[in-house]
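So the chains spell out like this:
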Amino acid sequence: MTRAYDVLKIVRDVYGSHGPLPLHAPVFAGNEMAYVQSTIESTFVSSVGAYVDRFEQMLAELTGAAYVIATTNGTTALHMALLLADVAPGELVVTQSLSFVATANAVVHAGALPAFVDVETTTLGMSPDALSEFLQQHCERTDGGVRHRESGRRVAACLPMHSFGLPCRIDEIADVCARWGLALVEDAAEALGSRRDTRHCGTTGKLGTLSFNGNKLCTTGGGGAIMTNDPVIARRAKHLTTTAKVPHRWRFEHDAIGYNFRLPNLNAALGCAQLEQIDAFLTFKRALAERYRQAFEIADIPFVAEPPHTHANYWLCAILLGSEAERDLCLEVTNDAGVMTRPIWDPMHTLPMFAQNPRGPLPVTERMAARLVNIPSGVRIEEPA
Ligand SMILES: *Cc1c(COP(=O)(O)O)cnc(C)c1O
């Protein structure tokens, strides 16, 4: 039971701070004020403006995605990505139970139903074996695509998530999707700057999405982005997220039910200033994670380190306690002392609105949900003396 106090001491030592420590606070140390002010001075604060284009361009360069479409948040990015992957009302999307609720919510926003499979201990992301097993045990190939036997629903897509910025085994997941003919959409909301080998998270599947919420690595206040290498999908993404308006100098012609999902220029201005600092953010966070890793190794507390062949952004660092009771004591001791720690999300299959959804066995999800704790992981810029 003393390990709860070890955690508190290690976090304080690693940050070199006796004051309160947030889980992940944004840092505005660059051109944020100047860029935001310039949008106000230009009056282009809304859905048209140079910063939106620049933000998309910077993201394309950073991630290697051929096309990036900025959106109002990560949830709307996912919603749109699923529609663009041809997910239709009443269909199933296979995702992981261990995720932030937005992943499963977006599936429902797209009219579909999430089915849950297990994650792996090493990546905390979707297990390709659990995905394959779910498809083999519960689904069959038909002329109209893959069908879930018990419900008769078509399985439209697979939606893995790169938990805490740790890249999941996306190549193996893509292989399973290719064998079954499922569209692959990646929730890379937490994984800006994370790579497996040289490939950025969210750029393997047909579509991938990012989030720029205030607690993410880089923030636009609220914001998101869709990534794709397909020019036809990219054009459709831009069209549908901007009310499906047919370009014309003055006419209001719309040729589909569109969405108002375009990121405002005001938010994009903040995002451009944040992306200019991403290398410094990543350097800080990777060094922090390495210091945590060494300290927790000495204390014999498992630290969730990046899997082999990956380069993680360490958005949120995580440790694994020995039991649910030890996890709870750790949360109490640290939060009482002003060091903000959090348990992982309640798994989706335990929430009332998803309790009846189709699912495979979830032993790793349940073990992680009971024992994992996120520890302070934010970038700290030294206060001038
Ligand atoms: C943050 C996040 C999102 C998107 O959240 P928004 O607040 O809508 O930007 C989606 N999925 C995961 C896993 C997330 O962590």
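Parameters at a glance
- Residues numbered from 1 in each chain as written.
- Predicted model: local features only at pLDDT ≥ 70, side-chain atom pairs only at ≥ 80, totals over all residues.
- Heavy atoms only, no water.
- Near = heavy atom within 4 Å.
- Polar contact = N/O pair within 3.5 Å; in protein donor to acceptor, adjacent residues only side chain to side chain.
- Areas by Shrake-Rupley, 256 points an atom, 1.4 Å probe, with all protein chains shown as cover.
- Helix = DSSP H or I, 4+ residues; strand = E, 2+ residues; numbered from the N terminus.
- Pairing = 2+ DSSP bridges.
- Contact = heavy atoms within 4.5 Å.
- Axes fitted to C-alpha atoms, helices over the stretch in contact; angles between N-to-C directions.
- Expected span 1.5 Å × (residues − 1).
- Buried < 20%, exposed > 50% of the residue type's maximum accessible area, 1.4 Å probe, protein only.
- Domains from an automatic or database assignment.
- Buried area = accessible area lost by both parts, 1.4 Å probe.
- Salt bridge = Lys/Arg side-chain N within 4 Å of Asp/Glu carboxyl O.
- Right-handed = clockwise from strand over helix to strand, strands pointing away.
- Patch = residues over 30% accessible without salt bridge, like charges linked within 9 Å, V, L, I, M, F, W, Y side chains within 5 Å.
- Core = buried A, V, L, I, M, F, W, Y, C linked by side-chain atoms within 4.5 Å.
- Phe/Tyr/Trp six-rings, centres within 6.5 Å; stacked < 30°, edge-to-face > 60°.
- Lys NZ or Arg CZ within 6 Å of the ring centre and 35° of its normal.

## Things to note about the site of the ligand
So, step 1. Not every one of the 15 residues close to the ligand is listed here, only the nearest: Gly74, Thr75, Glu190, Ser211 and Lys216.
So, step 2. Within the contact set of the ligand, an oxygen atom lies 2.7 Å away from a side-chain nitrogen or oxygen of Ser211.
So, step 3. In the complex, the protein chains occlude 92% of the 390 Å² of accessible area that the ligand would expose alone.
So, step 4. Elements that contribute at least two residues to the shell around the ligand include exactly helix 4 (74-84) and helix 5 (101-109).

## A short note on the sheet that holds strand 15 (residues 372-375)
So, step 1. Pairing is antiparallel across the open sheet formed by three strands, whose spatial order is 13-15-14. The open sheet is flanked by strand 13 (317-320) and strand 14 (342-343), the only strands paired with a single partner.
So, step 2. Bridging between strand 13 and strand 15 involves four bridges; their strand directions are antiparallel. Paired with Ile319 across the strands is Val373, a residue of strand 15.
So, step 3. Strands strand 13 and strand 15 of the sheet are contacted by helix 12 (residues 363-371), whose axis makes an angle of about 50° with strand 15.

## Concerning helix 11 (residues 324-336)
So, step 1. Taking 1.5 Å per residue, 13 residues should reach 18 Å; helix 11 reaches 18 Å between its end C-alpha atoms and fits that length.
So, step 2. Of all the residues in helix 11, the buried ones are Glu326, Arg327, Cys330, Leu331, Val333 and Thr334.

## Things to note about the domain arrangement of the protein chain
So, step 1. You can read the domains of the protein chain as domain 1 (2-26 + 279-375) and domain 2 (32-275).
So, step 2. Summarising the inter-unit geometry, the C-alpha centres of domain 1 and domain 2 are found 25 Å apart.
So, step 3. Contacts between domain 1 and domain 2 engage 40 residues on the former and 46 residues on the latter.
So, step 4. Of all residues in domain 1, the largest losses of buried area upon contact with domain 2 belong to Trp315, Trp345 and Pro358, amounting jointly to 21% of the total for that side.
So, step 5. Linking domain 1 with domain 2 are zero salt bridges.

## As for the environment of Leu8
So, step 1. Mapped onto the elements of the fold, Leu8 is located in helix 1 (residues 3-15).
So, step 2. For the pair Leu8 and Val232, spaced 224 residues apart in sequence, the C-alpha to C-alpha distance is 51 Å.
So, step 3. Look past the residues within four positions of Leu8 in its chain and what remains in contact with it is Val333, Thr334, Ala337 and Val339.

## Considering the pairing of strand 2 (residues 92-96)
Two faces belong to every sheet, and in a regular strand the side chains alternate between them.
So, step 1. Among the five residues that make up strand 2, five are buried, leaving the element largely enclosed by the rest of the structure.
So, step 2. Note that strand 2 and strand 3 (residues 113-117) share five bridges and pair parallel. Residue pairing across strands places Gln96 opposite Val117, the latter belonging to strand 3.
So, step 3. Tracing the backbone out of strand 2, into helix 5 and back to the parallel element strand 3 gives a crossover that is right-handed.
So, step 4. When strand 2 meets strand 6 (residues 155-159), the two strands line up parallel, connected through four bridges. Within the sheet, the bridge partner assigned to Val94 lies in strand 6 and is Cys158.

## Here we look at a nonpolar patch on the surface
So, step 1. On the surface, Ile40, Val45 and Leu266 cluster together to form a nonpolar patch covering roughly 230 Å² of accessible area.
So, step 2. When you line up the elements, Val45 lands in the loop between helix 2 (32-42) and helix 3 (50-63).
So, step 3. The class for Val45 is partly exposed, based on a relative accessible area of 34%.

## Re the side chain of Asn265
So, step 1. Assignment of secondary structure puts Asn265 in helix 9 (residues 265-275).
So, step 2. Taking relative accessible area as the criterion, Asn265 reaches 2% and is therefore assigned buried.
So, step 3. Discounting chain neighbours no more than four positions away, the residues touching Asn265 are Thr39, Phe44, Val45, Ser46, Val48, Gly49, Ala50, Tyr51 and Val52.

## So, helix 5
So, step 1. Residues of helix 5 that are buried: Ala102, Thr103, Ala104, Ala106 and Val107.
So, step 2. Just past helix 5, the residue Gly111 takes up positive phi, approximately 90°.

## Some remarks on the nonpolar core
So, step 1. Ranked by size, the top nonpolar core spans 74 residues in total, and within it Leu192 and Tyr292 carry the most contacts.
So, step 2. The residue makeup of this core includes at least three contributed by each of domain 1 (2-26 + 279-375) and domain 2 (32-275).
So, step 3. Apart from residues no more than four positions distant in its own chain, Tyr292 is found in contact with Ile10, Val11, Val14, Tyr15, Phe303, Cys317, Ile375 and Pro376.
So, step 4. Grouped together as the second largest cluster of nonpolar side chains are 27 residues, Leu78, Ala81, Val185 and Ile226 included.

## Observations concerning the packing of aromatic side chains
So, step 1. The full count for this structure, using the stated rule, is nine aromatic pairs.
So, step 2. Relative to Phe354, the ring of Phe116 lies with its centre 5.9 Å away and its plane at 75°, an arrangement referred to as edge-to-face. Placement of Phe116 in strand 3 and of Phe354 in the loop between strand 14 and helix 12 is noted, with a sequence separation of 238 residues between them.
So, step 3. With 6.2 Å between their ring centres and 35° between their planes, Tyr292 and Phe303 make a pair best called tilted. With a gap of 11 residues between them, Tyr292 in helix 10 (residues 278-298) and Phe303 in the loop between helix 10 and strand 12 (310-311) connect regions that are remote in the sequence.
So, step 4. We classify Tyr292 as buried; its relative accessible area is 0%.
So, step 5. Among the residues examined, Phe303 registers a relative accessible area of 13% and is labelled buried.
So, step 6. One aromatic cluster in this structure is built from Tyr292, Phe296, Phe303 and Tyr314.
So, step 7. Between Arg54 and the ring centre of Tyr35, over which it is positioned, the NZ or CZ distance is 4.9 Å.

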